[in-house]
Amino acid sequence: MDLRYGPEYERFRQEVREFLAETWPLSGEEAKLERVQQSARFRKRAIARGYLARAVPRAYGGSEQPPDVLRASIIREEFARAGAPLDVGAPAAQLIPTLVAHGTEEQKRAYLPGTVTGELLWCQGYSEPGAGSDLASVQTRAELVDGEWVIHGQKIWTSYAHWAEMIYMLVRTEPAAAGKHAGLSYLLVDMQQPGIDVRPLKSLNGDSHFNEVFFDGARAPADRIVGRRGQGWNVSRSTLQAERNAVATADTTLKQFSELLELAKSTRRNGRPAIEDPAVRQRLVEIEGYVTSHEYSSHRQLTCAARGESPGLIGTMNKLVGTDIATRMARLGLEISAEGALDAPYHHAEMLTGGSGEANPVARFLHSLSIRAGGGTSNIQRNIIGERGLGLPRDFAVQKRKAPA
Ligand SMILES: Cc1cc2nc3c(=O)[nH]c(=O)nc-3n(C[C@H](O)[C@H](O)[C@H](O)COP(=O)(O)OP(=O)(O)OC[C@H]3O[C@@H](n4cnc5c(N)ncnc54)[C@H](O)[C@@H]3O)c2cc1C
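Anyway, here's the lowdown on the structure attached to this text. Note that the structure is a prediction, hence the values are computed from the model and not measured. (Residues numbered from 1 in each chain as written. Predicted model: local features only at pLDDT ≥ 70, side-chain atom pairs only at ≥ 80, totals over all residues. Heavy atoms only, no water.)

Of note, the bond from Trp-24 into Pro-25 is cis; its omega dihedral lies within 30 degrees of zero at 0 degrees. Not every positive phi belongs to a glycine, and Asp-146 is a case in point at roughly 50 degrees. Along the chain, the position of Asp-146 falls in the loop between strand S2 (141-145) and strand S3 (148-155). With relative accessibility at 79%, the residue Asp-146 sits in the exposed group. Even without glycine at this site, Tyr-160 takes up a positive phi of about 65 degrees. (Helix = DSSP H or I, 4+ residues; strand = E, 2+ residues; numbered from the N terminus. Buried < 20%, exposed > 50% of the residue type's maximum accessible area, 1.4 Å probe, protein only.)

Structure below.
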């Protein structure tokens, strides 16, 4: 197996490195801007060079590059190495491919340019109190009244809803449709309007990242449906696949592992660096085995993409395994952290601008648990792998719910 990229791609890597050395982090007056604005300025330059928004046409603010998974992989590696913002934050990053694939011309022109730079902030309104893993049970409804959608219902766990300007949401527009997957639509809605009440939920770490969002007569123009009316389930599948592919990538895992090694070298435990403690070394070696296997699965995923073959369920496996490794690393980091480290600040806002998020080891550990649920819990990934990958019988609980009375 030859894992080298070859001279043409190594030249490209060098170009990306030079660009990053010149442009990130921002300097002078620009370095005083808010993080989101800094990130947007940088992203505009990176788009102009063809490094970001590669699959988005220029007419919609992207850099419209020919598909090249090796270049894309080099960009990911180099941006991660430089700590430069790569994604625009989970909700918007997932919407971009969905809008490119299913949006109307007007929707693409209106929303993609601000979304790819990160200036237009989105949140994702899928989950409801009775619809999480079983997402097709969404009850929030939208009715067409005098040419506008009028929305009633409740969403929950809506990340960043307290900052977002727009929400993309799954709503029931055809309540009489047969089957819960039918009759849903994918709707784009302005957040700043009467009829929307955002109530932040306090997390264990004291942060407010999630929200409950109540809709009581909120409105959206009739042409804000993405894809066909009543076909929102299929549209939401493309957003969810993008989310699963983006969570716990091998680049993130490798970066977190190198941070863990640094922590083990720089923190003293029982009078010597933690990395010299045999118990810590044993755990690090175990984790390194998982990290390496994750890295090699992502090479397999890349090889499939480069050959134009379907990667099958490797993305789902990577989400399951990558989030599990993140928890193992965060738990060990928490155990060996130096006294005083627990006072380190916690900035969830960094997640929006592509940063790794947490300097505080407790927050990092809690976050590692929560990403196991985002985009579908680990159990749900296991069900998908078992049923679609291994051909096992369908989940017993689901079969039971579907059985005739
Ligand atoms: C960090 C984070 C960010 C999130 N951001 C958003 C967001 O922005 N927008 C949004 O809409 N949602 C968001 N969510 C919600 C997330 O999508 C849901 O938490 C997730 O889908 C699980 O749903 P639930 O919480 O209702 O749990 P439930 O579905 O009630 O599940 C509870 C437990 O039962 C298990 N379970 C359920 N069904 C099965 C089954 N069939 N087989 C085996 N086990 C099962 C689950 O694995 C879980 O352990 C976010 C969640 C997290 C943690």
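From this point, things continue past the structure.
What follows is about the nonpolar core. Within the largest apolar cluster, 46 residues are counted, with the highest numbers of intra-cluster contacts made by Phe-42, Tyr-51, Phe-79, Trp-122, Tyr-186 and Leu-188. Residue contributions to this core peak at five residues, all from helix H1 (residues 7-23). When residues of this core are sorted by domain, at least three fall in each of domain 1 (7-86) and domain 2 (122-230). Every residue in contact with Tyr-186, bar those within four places of it in the chain, is listed here: Leu-95, Thr-98, Tyr-126, Tyr-168, Met-169, Arg-224, Ile-225, Val-226, Gly-232, Val-235, Ser-236 and Thr-239. Counting 18 residues, the second largest nonpolar core, distinct from the first, contains Cys-123, Ala-142, Met-169 and Met-191. (Core = buried A, V, L, I, M, F, W, Y, C linked by side-chain atoms within 4.5 Å. Domains from an automatic or database assignment. Contact = heavy atoms within 4.5 Å.)

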